[in-house]
Amino acid sequence: MFENSIILLDWLGIVVFTITGALVASRNQMDVVGFILLGTVTGIGGGTIRDLLLDAHPVLWVERPQYLGVCILVSIAVFFTAHLAASRYRLILWLDALGLGLFATAGAEKAASLGEAPLVAITMGVISACFGGIIRDVLGKEDSIIFSREIYVTAAVAAASTFIGLDAMGVSRELSVGLALAAGFGLRAGALAFGWSLPRYKPRAPER
Amino acid sequence: MFENSIILLDWLGIVVFTITGALVASRNQMDVVGFILLGTVTGIGGGTIRDLLLDAHPVLWVERPQYLGVCILVSIAVFFTAHLAASRYRLILWLDALGLGLFATAGAEKAASLGEAPLVAITMGVISACFGGIIRDVLGKEDSIIFSREIYVTAAVAAASTFIGLDAMGVSRELSVGLALAAGFGLRAGALAFGWSLPRYKPRAPER
Amino acid sequence: MFENSIILLDWLGIVVFTITGALVASRNQMDVVGFILLGTVTGIGGGTIRDLLLDAHPVLWVERPQYLGVCILVSIAVFFTAHLAASRYRLILWLDALGLGLFATAGAEKAASLGEAPLVAITMGVISACFGGIIRDVLGKEDSIIFSREIYVTAAVAAASTFIGLDAMGVSRELSVGLALAAGFGLRAGALAFGWSLPRYKPRAPER
């Protein structure tokens, strides 16, 4: 049952990130193939880079082509319904927050299960959660999530760190995953709801 | 003889894509090293990403350094002759269309020969054909091919899908490759000659 | 003692490149997590791509997480002291020149020690030295080093080529490394001090 929940959340994460990629395609008024390209890159890009770095072959969608299939179908669906999705933009942001927490947790868990050091595992979680969106924004010429005023990457760090920390303390895997998800989603949710942000660097010397 | 034709087309594809990368360097008035960098990334970038994702090591140019050599020589040649190439811009676009069809077909064929699922093999064909150009456009700050109004990525999908479809039906490799190339090149050629394009997403709700 | 010098220079290279990445974060007034992300990507990005292409797993920071730790600590330090670093911008450029020479030499040496062909080893040196900065500039929306008017990528080519050439002639590893570093650093230093540059492509036909 726990395994099933994880798998369900994994799929949900891919679906949600694919939607955010396809919505960037809609803003650029692309054709359906453009939707599929941007949607798929966003949905599975982070996990792909994680697997390449971990030398965990075959990478997720080479091992399970149904991931590709879902990205393609969801992107096509957004092509025909993006006007609805756009009016539900806030909903998407909340789902994206859930995907962020899930991917960060799952990415850290995968690296830890392969025996990687804690710092490496946390980094893999952050890469899983953020690099799909980073590639989406570079290709789609959007303002990158790394420029986000509100907390974003930090929430991925929180989720991955929470999982690795609890796991190191011997907490059960179920509880570690649950609390990590809560930490990542909660932090991003707070950013969405209340504009939470970290202090930003302020230049003290005159601008060059 | 068939093998020789394939190899000839493979080299032709690399040469042509390298030229398109070097021409972006010429538009940015780079020095010869900039030409080599952009030309080489474009010529072998797509195949490199395909090989990394397939865990097909050594990647093409690590196995055969002469690929690097050709990219370098072609880029240098363009540095000294770009004014000629520019006046033959239409010719380059047609050669690029041939390279697109060839790389998409060859990429799908390589993945299929490694036993990958059809959907994975088609994706690898598209990556081979398109990601060199995508990297070129990101680095050179050009409008990306994924924003192209006329059919581009779609032609790569058509070539790769045709090869995989015919191959699955038991059609001979020679004929499958020939028809796949014809499908990819033909579709892109139609886009160049007649402005063929797929319907684009049109926002129905007021713009956010 | 020679080994210790190499290791010292390797760490110095990572520190310096991390600083340049974190300074881009400061120009964009990011929070501390943004500093860490851009700093780390710049510090270890080039070496990571080299290791992926060489199939040299585990990649450097997966094998030695302390590389990650240094990137994170340096980025945090820059967050609190960037106003000092900015006023020492020229110093950073000179340290960056040292890092460039070191990474190009070390990257070529690693590839050569794995038995790669000379052209492949030189390319790996250039990738080690330049791709961290290239990713930094794409993510930070800076003008890319590949557009640099003064010699930059060329200095990496010089360092890597010098090492491979001397190594092929049977020169001792110590001397080859020293001369390669001198060639790369010297060329970039000349570019900084005297504005050295290669001739750039000048369009002869009317601009399209």
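Since the model is a prediction, treat every value here as computed from it, not as a measurement.

S.K.: Talk me through the pattern of salt bridges; I want residue IDs and the actual numbers.
M.R.: Residue and element names in this part refer to chain A. Inspection of every chain in the model, using the stated rule, returns 18 salt bridges over all chains. In this structure, the salt-bridge partner of D51 is K110, at a minimum N-O distance of 3.0 Å. Taken together, the residues span a long stretch of sequence, with D51 in helix α2 (residues 32-54) and K110 in helix α5 (residues 89-113) at a distance of 59 residues. Judged by relative accessible area, K110 falls into the partly exposed class, the value being 25%.

S.K.: Give me the packing of aromatic side chains: which residues, what numbers.
M.R.: Overall, the coordinates contain 24 aromatic pairs over all chains when judged by the stated rule. Here the aromatic rings of F35 of chain C and F79 of chain C are separated by 5.0 Å at their centres, their planes lie at 90°, and the arrangement is edge-to-face. Separated by 44 residues along the polypeptide, F35 of chain C in helix α2 (residues 32-54) and F79 of chain C in helix α4 (residues 66-87) bring together distant segments of the chain. Note on F79 of chain C: relative accessible area 11%, which makes it buried. Between F79 of chain C and F80 of chain C, the ring centres sit 5.2 Å apart and the planes meet at 80°, which makes this aromatic pair edge-to-face. Residue classification places F80 of chain C among the exposed residues on the basis of a relative accessible area of 53%. What links up through ring pairs into an aromatic cluster is the set F35, F79 and F80 of chain A together with Y201 of chain B.

S.K.: Quick rundown of helix α8 (residues 173-194) of chain C? Include the residues and the values.
M.R.: Between its first and last C-alpha atoms α8 of chain C spans 31 Å; for 22 residues at 1.5 Å apiece the expected length is 32 Å, and the two agree. Along α8 of chain C, the positions that sit buried rather than exposed are S176, V177, A180, L181, G184, R188, A189, G190, A191 and L192 of chain C.

S.K.: Account for the UniProt feature "domain: Glycine transporter" (unreviewed entry) in chain A, with residues named and values stated.
M.R.: Residues and elements named next belong to chain A. Mapped onto the present numbering, the UniProt feature "domain: Glycine transporter" (unreviewed entry) falls on residues 8-82 and 93-166. Helix makes up 85% of residues 8-82 and strand 0%, whereas the separation of the span's terminal C-alpha atoms amounts to 24 Å. As annotated, residues 93-166 has a helix share of 77% and a strand share of 0%, and its two end C-alpha atoms lie 28 Å apart.

S.K.: With reference to specific residues and values, describe the nonpolar core.
M.R.: With 193 residues, the main nonpolar core has W61 of chain A, W61 of chain B together with W61 of chain C as its most contacted residues. Residues within four places of W61 of chain A in sequence aside, it is in contact with I44, T48, Y67 and L68 of chain A together with L53, V120, T123, M124 and I127 of chain B.

S.K.: I'd like a rundown of the interface of chain B and chain C, residues and numbers included.
M.R.: In this assembly, 33 residues from chain B lie in contact with 28 residues from chain C. Note on chain B versus chain C: buried area summed over both sides is about 2700 Å², and carbon and sulfur give 69% of it. For the interface between chain B and chain C, the tally reads one salt bridge. The shortest N-O distance in the salt bridge between D143 of chain C and K141 of chain B comes to 3.3 Å. For the interface between chain B and chain C, the tally reads three residue pairs in polar contact (both at pLDDT 80 or more). At the level of secondary structure, the elements contributing two or more residues to the side of chain B that touches chain C comprise α1 (2-27), α2 (32-54), α3 (60-63), α4 (66-87) and α6 (118-139) of chain B. Among the residues forming the side of chain B that touches chain C, the class breakdown is 21 nonpolar, eight polar and four charged.

S.K.: Explain the packing of α5 of chain A against helix α6 (residues 118-139) of chain A to me, using residue names and the numbers behind them.
M.R.: All names here are of chain A. In the contact formed by α5 and α6, the axes pass within 7 Å of each other and the chain directions differ by 140°. Where α5 crosses over α6, the two elements pack in a sense that is right-handed. Judged by residue contacts, L100, F103, A104, G107, A108, A111 and A112 of α5 engage A121, M124, G125, S128, A129 and C130 from α6. Grouping the constituent residues of the contact of α5 with α6 by class yields ten nonpolar, three polar and no charged.

S.K.: Give a detailed account of α2 of chain C, specifying residues and quantitative values.
M.R.: Residues and elements named next belong to chain C. Given a rise of 1.5 Å per residue, 23 residues ought to cover 33 Å, and the 33 Å separating the end C-alpha atoms of α2 matches this to within 8%. Of all bends in α2, the biggest is about 50°, found at I44. Taking burial as the measure, the 23 residues of α2 include 20 buried ones, the bulk of the element. Capping the start of α2 is the job of one residue whose side-chain oxygen sits 3.1 Å from the backbone nitrogen of V33: D31.

S.K.: Which residues make up the relation of the copies chain B and chain C, and what values do they have?
M.R.: When chain B is fitted onto chain C, the two copies agree to an RMSD of 0.0 Å after a turn of 120° and an axial shift of 0.0 Å. One copy is carried onto the other by what is essentially a three-fold rotation axis. A different interface surface on each copy is seen, since only 9% of the contact residues of chain B are contact residues in chain C too.

S.K.: How would you sum up the relation of the copies chain B and chain A? Please name residues and give values.
M.R.: For the pair chain B and chain A, the superposition axis carries a translation of 0.0 Å, the fit reaches an RMSD of 0.0 Å, and the rotation angle comes to 120°. By residue overlap, the copies meet through two different surfaces: only 11% of the interface positions of chain B are interface positions in chain A.

S.K.: Requested: an account of the side chain of S144 of chain A, with residues and values cited.
M.R.: Position of S144 of chain A relative to the elements: it lies in the loop between α6 and α7 (153-168). Once residues within four sequence positions are removed from consideration, S144 of chain A is found in contact with I134 and D137 of chain A.

S.K.: Can you tell me about the interface of chain B and chain A, naming the residues and giving the values?
M.R.: With 28 residues of chain B at the contact, the number on the chain A side is 33 residues. Taken together, the two surfaces of chain B and chain A that pack against each other cover about 2700 Å², and 69% of this comes from carbon and sulfur. For the pair chain B and chain A, the interface holds three residue pairs in polar contact (both at pLDDT 80 or more). Within the residue set of the side of chain B that touches chain A, elements represented by two or more residues are α2, α6 and α7 (153-168) of chain B. Per-element accounting of the side of chain B that touches chain A gives the leading share, eight residues, to α6 of chain B. In terms of residue class, the side of chain B that touches chain A is built from 19 nonpolar, two polar and seven charged.

S.K.: I'd like a rundown of the confidence of the model for chain A, residues and numbers included.
M.R.: Looking at chain A as a whole, the pLDDT averages 91, with 93% of positions reaching at least 70. Per-element averaging of pLDDT across chain A places helix α1 (residues 2-27) of chain A at the bottom with 84 and α7 of chain A at the top with 97.

S.K.: How would you summarise the side chain of T20 of chain A if you had to cite specific residues and measurements?
M.R.: Residues and elements named next belong to chain A. Mapped onto the fold, T20 is located in helix α1. A distance of 2.7 Å separates the side chain of T20 from the backbone oxygen of F17, its partner in a polar contact. If we ignore the near neighbours within four places in the chain, the residues touching T20 are T42, I92, D96 and R136.

S.K.: Give a description of the UniProt feature "transmembrane region" (unreviewed entry) in chain A that names residues and reports values.
M.R.: Residues and elements named next belong to chain A. In the numbering used here, UniProt assigns the feature "transmembrane region" (unreviewed entry) to residues 6-25, 32-53, 65-84, 91-108, 120-139, 151-171 and 177-198. Between the C-alpha atoms that bound residues 32-53 the distance is 31 Å, and the span itself is 100% helix and 0% strand. Taken end to end, residues 151-171 is 76% helix and 0% strand, and its first and last C-alpha atoms sit 27 Å apart.

Criteria and thresholds
Residues numbered from 1 in each chain as written. Chains lettered and ligands numbered in written order. Predicted model: local features only at pLDDT ≥ 70, side-chain atom pairs only at ≥ 80, totals over all residues. Heavy atoms only, no water. Salt bridge = Lys/Arg side-chain N within 4 Å of Asp/Glu carboxyl O. Helix = DSSP H or I, 4+ residues; strand = E, 2+ residues; numbered from the N terminus. Buried < 20%, exposed > 50% of the residue type's maximum accessible area, 1.4 Å probe, protein only. Phe/Tyr/Trp six-rings, centres within 6.5 Å; stacked < 30°, edge-to-face > 60°. Expected span 1.5 Å × (residues − 1). UniProt positions renumbered as here; feature names shortened; annotations may be inferred. Core = buried A, V, L, I, M, F, W, Y, C linked by side-chain atoms within 4.5 Å. Contact = heavy atoms within 4.5 Å. Buried area = accessible area lost by both parts, 1.4 Å probe. Polar contact = N/O pair within 3.5 Å; in protein donor to acceptor, adjacent residues only side chain to side chain. Nonpolar A, V, L, I, M, F, W, Y, C, P; charged D, E, K, R; others polar. Axes fitted to C-alpha atoms, helices over the stretch in contact; angles between N-to-C directions. Left-handed = near helix turned anticlockwise from the far one by under 90°. Bend = angle between axes of the 7 residues up to and from the residue. Least-squares fit on C-alpha atoms with pLDDT ≥ 70 in both. pLDDT = per-residue confidence, 0-100.

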